[in-house]
Amino acid sequence: MRLPERQLAVLEAASATDERTMDEIAAETGLKPETVTGAAFDLRDEGLLTVTETTTEVAELTEEGREYVAEGLPETRLYRAAVDAGAADEAVSMGEVIGRADLAGPEVDIALANLPRKGFGTIDSGELAVDPDADPDADPEAAALETLADGGRVDDASVLDRLASRGLVDLAEHTTRAVMLTDAAVDALMEGVEAAETVGQVTPDLLASGTWADVEFAEYNVEADAPAVEGGRKHVLRRTADRVKDVLVGMGFQEMEGPHADSDFWINDCLFMPQDHPARTHWDRFALDVEPMAEIPEALIDRVETAHRDGWGEDGDGYHSPWSEEFAREVALRGHTTSLSMRYLSGYAGAELEPPQRYFSVEKVYRNDTLDPTHLLEFFQIEGWVMAEDLSVRDLMGTFEEFYRQFGITDIRFKPHYNPYTEPSFELFGDHPETGEEIEIGNSGIFREEVTGPLGVDCDVMAWGLALERLAMLTTGAEDIRDLHGTLADIDFLRNAEVSY
C-alpha cells in the first residue's frame, strides 16, 4: 500500500490500543495540527482510522477577572472594610465604608449589588451592616477565580455562569479529536506501507519531465476542517443607522448635521434648560478647555436669556434663577443632538423654515453615565422634529408607530414624562425580543413656547430623541449594549447579527 507522506506519518504515530489526540500526533510528527486533522479524516474515509470528538466547556479569565484575582472581588473588599469600620456591631455610613474599601467607579455598584446577594450584609437607608459570621474566604466565586488563575479547572457550571454574567470569565466550547488504528490499518502496517510523493496540482514541470506518472495526487476533501477566514462587513450598528436613515427619508425627512463640540447655548440654553439643572454640571457634562464660542447671534442670546429669566408669552414665568452668557458660550461635547435641532430651527444652519418641515439626524452624543447593559459614555441618538400647524399628541404617536413598524416593532408603549423643554412629554418603551425586559428607547414631546418663541418659530414643533443602540438591541436580540461597540464588544455576535425589519 502506498500513502501520501503526511497520511503515513499520522498512521505510524497512531495506536491500536490507546486513543491519541491530534495535538499529540502533531507534536510527534512535526506536522501542523490542521494537516494532521486533514490526514486523519482521509485515513478514516479509507477505513484505516477511527476519529472521535469530545466537546468540553473551557473557561478563561478576562482582564477584569485577573484584576480581581490580584485585588479581591469588590464585595469582599467592601465586607472587610465594613468589618474594620465596626459594621459587624452596628450599621455604619455606606459612604465611609466605600472610602475605606478604596472602591471607585463601577466597582462601587458591583460591590453594593453583590454584598447582600452573597449574604455578607445588608444595606438600608444609606447605612451598611455586615454579618460577622460570613466567610468571604469560602466564597465559591473567588475560589473559582483563583483556580482558573492557577491553570486549574472549575466544574461547577452555576459558578461559571455567574462569573461569565459578571464579565469575569469567557466561556467557550473546545473540541478535542482523537484517533485510533483500525484492524485494517494494523494489517496494512504489518504488510508494509510505502510513502508516495503527493502533489496538489499538475504543473508544467510535471508534464514536461513525465514525473506526473510517478506521483500521487491529493484528493480534494470537502469535509476536511479548514481555518475560518472572516471577511469584512459593515458594523451592525452602522447597518441599523443606514436603515433608520432610509426609513426617515422615506417618511419625508431631511438630514441635519453639525458639530460634536458645541456651546452650552445651543446644547441646553435654547432648550430652556436652566443653567443650574443637575444635567448641566460636571457629573453629566464633558466640558472642553477651549475658547468660548463667539459666533452666536446676539439678538438670539438676548431672547433666550429673556425666556429663562422672565418666561415667554402671556403665561410664561421663567425660572428666576441665575443665567450667565459666559456659561452659555462655554464649549462642551453635546449630550444630545437636540443642539442640531436648535441650530436648524433658529435658521442659523440655513434650514428651510416654511412649515411643514421634517428634519432628522443620526449622530453620536456624549454623557458621563455609569456603564451598564443599557448605558454607554458615548452612543448614537436618532434626533427628529416636525414643524407644522396644529400638531397634536396623536401626530407624535402616529409618527413613532409608523417608524418602528418599519422594523417589525408594533408594541411600542408611551408613558407621560417631564422635560423642561417639551409639554406634553412622553417616554417610549419596547420589549426585548430575547429577555422580555421592558427597555426605554426614547424621549419625545412637543416643544414649549419658551423653546420655539425665542427661535422665531410661531407654529407647533414636535420632537424626539431615540437611542440607536437600543433599537439595535430590539432588532438583533443583543442583551447588552456593550455587545454592539466598545471594549467588551462580542465579535462573533457582530459577525453574525442581522438587522431585522
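Residues numbered from 1 in each chain as written. Predicted model: local features only at pLDDT ≥ 70, side-chain atom pairs only at ≥ 80, totals over all residues. Heavy atoms only, no water.

Draft legend 1. Geometry of the environment of H417. Looking at the element boundaries, H417 is found in strand 16 (residues 413-417). Of the residues examined, H417 reaches a relative accessible area of 32% and is grouped as partly exposed. For the pair H417 and L428, spaced eleven residues apart in sequence, the C-alpha to C-alpha distance is 9.7 Å. Leave out the neighbours within four places in its chain, and H417 touches S425, F426, E427 and N443. Side-chain polar atoms of H417 contact the side chain of N419, separated by 3.5 Å. (Helix = DSSP H or I, 4+ residues; strand = E, 2+ residues; numbered from the N terminus. Buried < 20%, exposed > 50% of the residue type's maximum accessible area, 1.4 Å probe, protein only. Contact = heavy atoms within 4.5 Å. Polar contact = N/O pair within 3.5 Å; in protein donor to acceptor, adjacent residues only side chain to side chain.)

Draft legend 2. View of a nonpolar patch on the surface. Taken together, the side chains of V202, L207, W212 and F217 define a hydrophobic patch exposed on the protein surface, amounting to about 400 Å² of accessible area. Mapped onto the fold, V202 is located in the loop between strand 9 (198-199) and helix 11 (204-209). (Patch = residues over 30% accessible without salt bridge, like charges linked within 9 Å, V, L, I, M, F, W, Y side chains within 5 Å. Areas by Shrake-Rupley, 256 points an atom, 1.4 Å probe, with all protein chains shown as cover. Salt bridge = Lys/Arg side-chain N within 4 Å of Asp/Glu carboxyl O.)

Draft legend 3. Representation of helix 7 (residues 106-117). With twelve residues, helix 7 extends 17 Å from end C-alpha to end C-alpha; this agrees with the ideal 16 Å at 1.5 Å per step. For helix 7, the complete set of buried residues consists of E107, V108, A111, L112, N114 and L115. Elements that come into contact with the buried residues of helix 7 comprise helix 4 (63-71), helix 5 (74-84), helix 6 (94-101) and strand 5 (121-124). Phi for G119, located one or two positions after helix 7, is positive at around 75°. (Expected span 1.5 Å × (residues − 1).)

Draft legend 4. Looking closely at the nonpolar core. Residues V244, I382, F403 and Y404 are the most contacted members of the largest nonpolar core, which totals 43 residues. Per-element tally for this core: the top contributor is helix 12 (residues 236-250), with six residues. The residues contacting F403, other than those within four sequence positions of it, are V244, V247, L248, M251, I382, L466 and L471. In terms of nonpolar packing, the next biggest core, distinct from the first, is built from 32 residues, F272, A328, Y359 and V451 among them. (Core = buried A, V, L, I, M, F, W, Y, C linked by side-chain atoms within 4.5 Å.)

Draft legend 5. Local environment of the packing of helix 1 (residues 5-13) against helix 2 (residues 22-29). One can describe the packing of helix 1 onto helix 2 by two numbers: an axis separation of 10 Å at closest approach and a directional angle of 110°. When the interaxial angle is binned, helix 1 and helix 2 end up roughly perpendicular. In terms of crossing hand, the pair formed by helix 1 and helix 2 is right-handed. Along its contact with helix 1, which presents A9, V10 and A13, the element helix 2 presents I25, E28 and T29. Per-class residue counts for the contact of helix 1 with helix 2 are four nonpolar, one polar and one charged. (Axes fitted to C-alpha atoms, helices over the stretch in contact; angles between N-to-C directions. Parallel < 35°, antiparallel > 145°, perpendicular 65-115°, else oblique. Left-handed = near helix turned anticlockwise from the far one by under 90°. Nonpolar A, V, L, I, M, F, W, Y, C, P; charged D, E, K, R; others polar.)

Draft legend 6. Structural view of the UniProt feature "binding site: Mg(2+)" (unreviewed entry) in the chain. Mapped onto the present numbering, the UniProt feature "binding site: Mg(2+)" (unreviewed entry) falls at E423. Within the secondary structure, E423 is located in strand 17 (residues 422-431). Judged by relative accessible area, E423 falls into the exposed class, the value being 53%. When residues no more than four places from it in sequence are discounted, the contact partners of E423 are I446 and R448. (UniProt positions renumbered as here; feature names shortened; annotations may be inferred.)

Draft legend 7. Molecular detail of the pattern of salt bridges. Following the criterion strictly, the structure yields 34 salt bridges and no others. A salt bridge links R334 to E363, with the nearest nitrogen and oxygen atoms 3.5 Å apart. You can see R334 sitting in the loop between strand 13 (331-333) and helix 16 (338-345) and its partner E363 sitting in strand 14 (residues 357-366), a full 29 residues away along the chain. Assigned by exposure class, R334 and E363 land together as buried. When the shortest N-O distance is used, the salt bridge between R448 and E450 registers 3.2 Å.

Draft legend 8. Just empty space enclosed by the protein, in detail. Considering all chains together, one arrives at one cavity of 30 Å³ or more under this definition. Put simply, the largest cavity is a space of about 30 Å³. Along the walls of the largest cavity sit L248, T399, F400, F403, W464 and L466, which together make up its complete lining. When contributions to the lining of the largest cavity are tallied by element, the ones reaching two or more residues are helix 17 (393-405) and strand 19 (460-467). No other element matches helix 17, which puts three residues into the lining of the largest cavity. For the lining of the largest cavity, the class distribution of residues is five nonpolar, one polar and no charged. (1 Å grid on protein atoms, 1.4 Å probe; cavity = no way out; pocket = protein on both sides within 12 Å on 5 of 7 lines; lining within 4 Å. Points joined across faces, edges and corners; volume = space filled by probe spheres on them.)

Draft legend 9. Focus on the packing of aromatic side chains. Evaluation of the coordinates by the stated rule reveals eleven aromatic pairs. Between Y359 and W385, the aromatic rings sit 5.0 Å apart at their centres with planes inclined by 25°, giving stacked as the arrangement. With Y359 in strand 14 and W385 in strand 15 (residues 378-388), this residue pair connects regions lying 26 residues apart in the sequence. When its relative accessible area of 5% is taken as the criterion, Y359 is described as buried. Judged by relative accessible area, which is 0%, W385 ranks as buried. Ring centres of F400 and F414 lie 6.2 Å apart, and the angle between their planes is 35°; on these two criteria the pair is classed as tilted. Within this pair, whereas F400 is found in helix 17, its partner F414 is found in strand 16, the two being separated by 14 residues in sequence. When sorted by exposure, F400 lands in the same class as F414, which is buried. Three or more aromatic residues joined by ring pairs make a cluster, and in this case those are F253, F400, F414 and W464. (Phe/Tyr/Trp six-rings, centres within 6.5 Å; stacked < 30°, edge-to-face > 60°.)

Draft legend 10. Up close: the domain arrangement of the chain. When cut into domains, the chain gives domain 1 (2-59 + 174-217) and domain 2 (238-260 + 335-496). Put simply, the middle of domain 1 and the middle of domain 2, counted by C-alpha atoms, are 59 Å apart. (Domains from an automatic or database assignment.)

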